[in-house]
Structures are given as C-alpha cells and as structure tokens.
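Analysis of the macromolecular model
Each chain, written out:
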Amino acid sequence: MRLVVNGQPLEAEAKTLAALLAELGYQGNWYATALNSEFVAGADRKKTRLSNGDRVEILTPRQGG
C-alpha cells in the first residue's frame, strides 16, 4: 500500500498503524502519532486501520536548548 510517512512516500505491507510502526523499526510507546492530521493515542494504534494514500506522522521527543 502507498502511504506518506513524515512527508515521504512509502510502500508498506502494514494494515494497521501499530504494524506500520513495527515494520519501520519503531519500538516502545514514547512517540506521538497522527493519521491524516488526527492524533492517534498509543492504545489505539493496533485498531487504527491504514488505507492507500494515508498520511502518517511519527513524532519523537527531542532535547536541546
């Protein structure tokens, strides 16, 4: 399926947001996710289905000054 992840086109096999994160190598639950500009809580990722053309954002915390 064709997705846009963090602004970049991507071909993925995943059917859910949780499966996509695993496919991309993300582990843990310390990042934020959005699907088509809507926040998706960590507890909802396993049941959040993906469709061709969806836009996914994966945000990781950063420190700095």
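Heads up: the structure comes first, above all this text.
Residues numbered from 1 in each chain as written. Predicted model: local features only at pLDDT ≥ 70, side-chain atom pairs only at ≥ 80, totals over all residues. Heavy atoms only, no water.

**Considerations on the packing of aromatic side chains**
The relative placement of two aromatic rings is captured by the distance of their centres and the angle of their planes. Rules: Between 30 and 60 degrees the pair is tilted, below 30 it is stacked and above 60 it is edge-to-face, where a pair is any two Phe, Tyr or Trp rings, Trp via its six-membered ring, whose centres lie within 6.5 Å.
Taken as a whole and assessed by the stated rule, the structure comprises 2 aromatic pairs. Seen from their ring centres, Trp30 and Tyr31 are 5.4 Å apart, and the 80° between their planes marks the pair as edge-to-face. These aromatic residues form a ring-pair network of at least three members: Tyr26, Trp30 and Tyr31.

**Some thoughts on the side chain of Asp54**
As a reminder, the rule being used: The secondary structure listing takes helices from DSSP runs of H or I that are at least 4 residues long and strands from runs of E that are at least 2 residues long, numbered from the N terminus. Relative accessible area decides the class of each residue, using a 1.4 Å probe on protein chains only: under 20% of the type maximum gives buried, over 50% gives exposed, and in between gives partly exposed. Charged-residue counts in this description rest on Lys and Arg as positive and Asp and Glu as negative, His and the chain ends being excluded. In the sections that follow, a salt bridge refers to a side-chain nitrogen of Lys or Arg positioned within 4 Å of a carboxyl oxygen of Asp or Glu. Two N or O atoms count as a polar contact when they lie within 3.5 Å, although within protein this holds only if one can serve as hydrogen donor and the other as acceptor, and sequence-adjacent residues are included solely when both atoms are side-chain atoms. Any pair of residues with heavy atoms lying within 4.5 Å of one another is described as a contacting pair.
Checked against the element boundaries, Asp54 lands in the loop between strand S4 (38-40) and strand S5 (55-59). Buried within the structure, Asp54 lacks any salt-bridge partner; Arg55 is the closest side chain of opposite charge, at an N-O distance of 9.2 Å. Only 2.9 Å separates the side chain of Asp54 from the side chain of Asn36, close enough to count as a polar contact. What Asp54 contacts, discounting residues up to four positions off in sequence, is Arg2, Leu3, Val4, Leu35, Asn36 and Arg49.

**Some words on the pattern of salt bridges**
In the structure shown here, the tally under the stated rule is 2 salt bridges. The salt bridge partner of Arg2 is Glu11, with a shortest N-O separation of 3.0 Å. Neither Arg2 nor Glu11 differs from the other in exposure class; each is exposed. Lys47 is the salt-bridge partner of Asp44, the closest N and O atoms lying 3.5 Å from each other. Classification of Lys47 as exposed rests on a relative accessible area of 61%.

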